[in-house]
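A structural walkthrough
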Amino acid sequence: RTPFCNLSVVGTMALRVQAIQRHLAAGRHAAGGVSASASAGAAPNAATPPSPAATADDEWGLRCDLAVAYRAAYLMGWHQELFNHITVKLPGSDDLSHGPHFLINPFGMQFSEVTAGSLLTVGIDGTVIDKGTSTGLLLNQGFIVHSAIHAARHDMHCVVHCHHPPTVAVAMTTAGILPMSQEIVGIFSGISYHPFEGTALDLKERERMAANLGPTSSVLILENHGPLTGAPSIAGAMFLMFLVTRHCEYQSRAMAAVGGDISKLRVPTREAVAAMEERNRTNPMAATYDPVKLQFESWRRKVERKWGSDAIYAA
């Protein structure tokens, strides 16, 4: 039986093999292999697989991490069949045509089916730049929500949005998120709200959504809709969503236990919450370990054990 600690090594080796494949393929191109102009002559409706050989190392790494994120989100119940999305902006794409560009799951594919190669590359105007190995379908609502954040907040390279049932339930209450768990008090001041406008089909809502998120918040609760988190990294945005959804599981059960009477809940004072948040911010142990990175790597090991690295990181 493979030891627990060696399972993540399997995924690491898969990435190393892919790096070698990229190197060998680059050599073939230099020796007179298939040119970029030849592949550009493919039929417009044909999917162009973003193979490791044809993709920049940093983009391929993001694709692999994003595939891990989708499958981890599936295991945590952050998916709604074919809906909901996790996106990441491609570095250096801001000044490109249709830029910035971001990666997003193709519509019609379950979170548990997403691979590194199946992700779409989409422009900020909705142009599908690369269909990947999938159908190339882009859900309009997902594009509107995620492009709103990527266009307005350049510090949020990764955006996670889901319809996690307990969190949506909390978003349906006028109380909103209450600062009464250790998961939420550390990020409570970074939570904003966006009024319910129904399914996101109005491009103009992007401006309102960005304005309600503001320049510093990292969590946006779409009222009657669901949570959205953003961060400079995939791991960071996923960790924020983990904190929000875990707290809302607690809060929805606590409110049910007291019959919806908030006066019966132990909600700390504003001053106490501010002190807790400050302690989190100045935690001296933060220099010793990175819980965000450690958590994401634990998710990576979990999904590799379940599906295998070959399936997750498939080109």
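Right above here is the structure, for reference.
About the cut-offs
- Residues numbered from 1 in each chain as written.
- Predicted model: local features only at pLDDT ≥ 70, side-chain atom pairs only at ≥ 80, totals over all residues.
- Heavy atoms only, no water.
- Phe/Tyr/Trp six-rings, centres within 6.5 Å; stacked < 30°, edge-to-face > 60°.
- Helix = DSSP H or I, 4+ residues; strand = E, 2+ residues; numbered from the N terminus.
- Lys NZ or Arg CZ within 6 Å of the ring centre and 35° of its normal.
- Buried < 20%, exposed > 50% of the residue type's maximum accessible area, 1.4 Å probe, protein only.
- Lys, Arg positive; Asp, Glu negative; His and termini not counted.
- Salt bridge = Lys/Arg side-chain N within 4 Å of Asp/Glu carboxyl O.
- Contact = heavy atoms within 4.5 Å.
- Pairing = 2+ DSSP bridges.

**As for the packing of aromatic side chains**
Using the criterion set out here, one finds 7 aromatic pairs in the structure. Considering the side-chain rings of Phe296 and Trp299, the 6.4 Å spacing of their centres and the 85° angle between planes classify their relative orientation as edge-to-face. You can see Phe296 and its partner Trp299 sitting in helix H10 (residues 291–307), 3 residues apart, about one turn around the helix. A connected cluster of aromatic rings, assembled from ring pairs, spans Trp78, Phe239, Phe242, Phe296 and Trp299. One Lys or Arg, Arg71, reaches over the ring of Trp307 and ends 5.1 Å from the middle of that ring. Looking at Lys306, its charged tip hangs above the ring of Trp307, at a distance of 5.5 Å from the centre.

**Some details on the environment of Ala169**
As for its position among the elements, Ala169 is in helix H5 (residues 165–171). Once the C-alpha coordinates of Ala169 and Asn224 are considered, the two residues, 55 residues apart in sequence, prove to be 7.4 Å apart.

**Side note on the side chain of Glu277**
For Glu277, the location among the structural elements is in helix H9 (residues 270–281). Here Glu277 is buried and forms no salt bridge, its nearest opposite-charge partner Arg281 lying at an N-O distance of 8.2 Å. What Glu277 contacts, discounting residues up to four positions off in sequence, is Val185, Gly186, Ile187, Phe188, Ser189 and Gly190.

**Focus on the pairing of strand E3 (residues 120–123)**
Because side chains alternate across E3, one face comprises the buried residues Leu120 and Val122, and the other comprises Thr121 and Gly123, equally buried. Both E3 and strand E4 (residues 128–130) contribute to a ladder of 2 bridges, which runs antiparallel. Bridging across to E4, Val122 finds its partner in Val128. Counted along the chain from E3 to the antiparallel partner E4, the turn is 4 residues long, and its residue Gly126 has a positive phi close to 95°.

**Digging into the pattern of salt bridges**
Applying the stated criterion across every chain, the model contains 9 salt bridges. Ionic pairing is found between Arg300 and Asp65, a salt bridge with its closest N-O pair at 2.7 Å. Taken together, the residues span a long stretch of sequence, with Arg300 in helix H10 and Asp65 in helix H3 (residues 57–75) at a distance of 235 residues. Classification of Arg300 by relative accessible area gives buried; the value is 9%. In this structure Asp65 comes out as partly exposed when scored by relative accessible area, which is 23%. In this structure, the salt-bridge partner of Glu297 is Arg300, at a minimum N-O distance of 3.0 Å. Remark: Arg300 and Glu297 occur in helix H10; sequence separation between them is 3 residues, near one turn of the helix. Among the charged side chains, a salt-bridge network with shared partners connects Asp65, Glu297 and Arg300.

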